[in-house]
Amino acid sequence: MATTAPILPLILLLLLSTSSAVLTTTLAADADSNGTTHLSLFMHDITSGSNPTAVKVIKGPGTTLTAPTLGMTFGDTTVIDDPVTATSSPTSAELGRMQGIYMLASQSGAALMVCANLLLTSGAHNGSTLALMGRDDTGEDVREIPVVGGTGTFRMATGYVLWKTPEGINGTDATVQLDVYVTTDGNAVDALAPASGGGDSSSGGGGSPGSGGSSKSSSGSAATARTMTAGWVVAAVVGSSWVWW
């Protein structure tokens, strides 16, 4: 007769072993990624002469000027590739370009709809862009244009531009003073084509014209190390043995 003699030295063996491993992730982060960057720039919008930087591409249907000071009719749309310089002089160091469009979007005044990219071509932010979109009421001394995004060192940027024409409008040409205030969410990356030697000013005020017109709340770059401790459980199951007699 067969006798069942279960030999079960280990029916189920759970080996619970807790180990810890330290995973260190080094995140390259701008030192001022949680602060505000201030850029002080000047844009030159030139519609006259043989080499204009602003060209009307759509003519509004009206026969009378809606905004005589601008020489524009409701619906007029202009494409721009304006030089951006360090000072109000158009012959000063070029720091970038303002590329986009503006249109007369008011039937009863000189208010423009601006949609443009500020491309920076000098200094520590070389190759980065800021996307601007908003209302430019040219009758006001100071206008506020929202910053709705960016690339490069200004990835995910938010902020605003104080938009001024301190010298007024000469015919249809204008020099616009731009005070840009932006913050990022910490995901800023190195610019696509960084200039050697940097070029930012670390002063708390406006940007230095000779150094790319930018100023940071703190200078340089910092590497932020995040340490995460993870544990795991190792479970082993050893099968049981059954012997039949």
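Shown above is the structure to which this text applies.
What comes next is a walk through the structure. Note that the coordinates shown come from a computational prediction; the quantities given were computed from them, not determined experimentally. Within each chain, residues carry numbers counting from 1 in the order of the written sequence. Under the rules for a predicted model, residues below a pLDDT of 70 receive no local features and side-chain atom pairs below 80 are neither given nor counted, while totals for whole chains, interfaces and linings still include all residues. To get the side-chain values, all heavy atoms of the structure are used, and hydrogens and water are removed first.

1. Describing the overall build of the protein chain
Secondary structure follows DSSP: runs of H or I at least 4 residues long count as helices, runs of E at least 2 residues long count as strands, and numbering of each begins at the N terminus. When you go through the protein chain residue by residue, the secondary structure sums to 0 helices and 13 strands. Listing each helix as α and each strand as β along the protein chain from the N terminus yields β-β-β-β-β-β-β-β-β-β-β-β-β. Using a 1.4 Å probe on the protein chains alone, a residue whose accessible area is under 20% of its type maximum counts as buried, one over 50% counts as exposed, and one in between counts as partly exposed. Here the protein chain holds 245 residues, and 38% of them are scored as buried. Contacts in the protein chain between residues far apart in sequence, at least 24 positions, make up 58% of those at least 6 positions apart. For the area figures, the Shrake-Rupley method with a 1.4 Å probe applies, and any residue is considered shielded solely by the protein chains shown. Carbon and sulfur atoms make up 58% of the accessible area of the protein chain, which totals about 13,200 Å². Whether two residues are in contact is decided by their heavy atoms: any pair within 4.5 Å suffices.

2. So, a nonpolar patch on the surface
A cluster of nonpolar side chains, contributed by Val55, Val57, Ile58 and Val79, occupies part of the molecular surface with about 300 Å² of accessible area. The element contributing the most residues to the nonpolar patch is strand S3 (residues 54-58), with 3 residues. Only residues whose relative accessible area exceeds 30% and that form no salt bridge are eligible for patches; like-charged ones are grouped when within 9 Å, while nonpolar side chains (Val, Leu, Ile, Met, Phe, Trp, Tyr) are grouped when within 5 Å. The term salt bridge refers to a pairing of a side-chain nitrogen on Lys or Arg with a carboxyl oxygen on Asp or Glu at a separation within 4 Å.

3. Quick look at the nonpolar core
Take the buried Ala, Val, Leu, Ile, Met, Phe, Trp, Tyr and Cys residues and link them wherever side-chain atoms come within 4.5 Å; each set so joined is a nonpolar core. Of all hydrophobic cores here, the largest spans 32 residues; its most connected members are Met98, Leu130 and Trp163. Of all elements in the fold, only strand S2 (37-45), strand S4 (77-85), strand S5 (94-104), strand S6 (111-120), strand S7 (129-137), strand S8 (142-151), strand S9 (158-164) and strand S11 (173-183) reach the threshold of two or more residues within this core. Here the element with the most residues in this core is S6; it accounts for 5 residues. Sequence-distant contacts of Trp163, defined by excluding residues within four places in its chain, comprise Met43, Met98, Val114, Leu132, Asp136, Asp141, Val142, Arg143, Ile145, Val176, Gln177 and Leu178.

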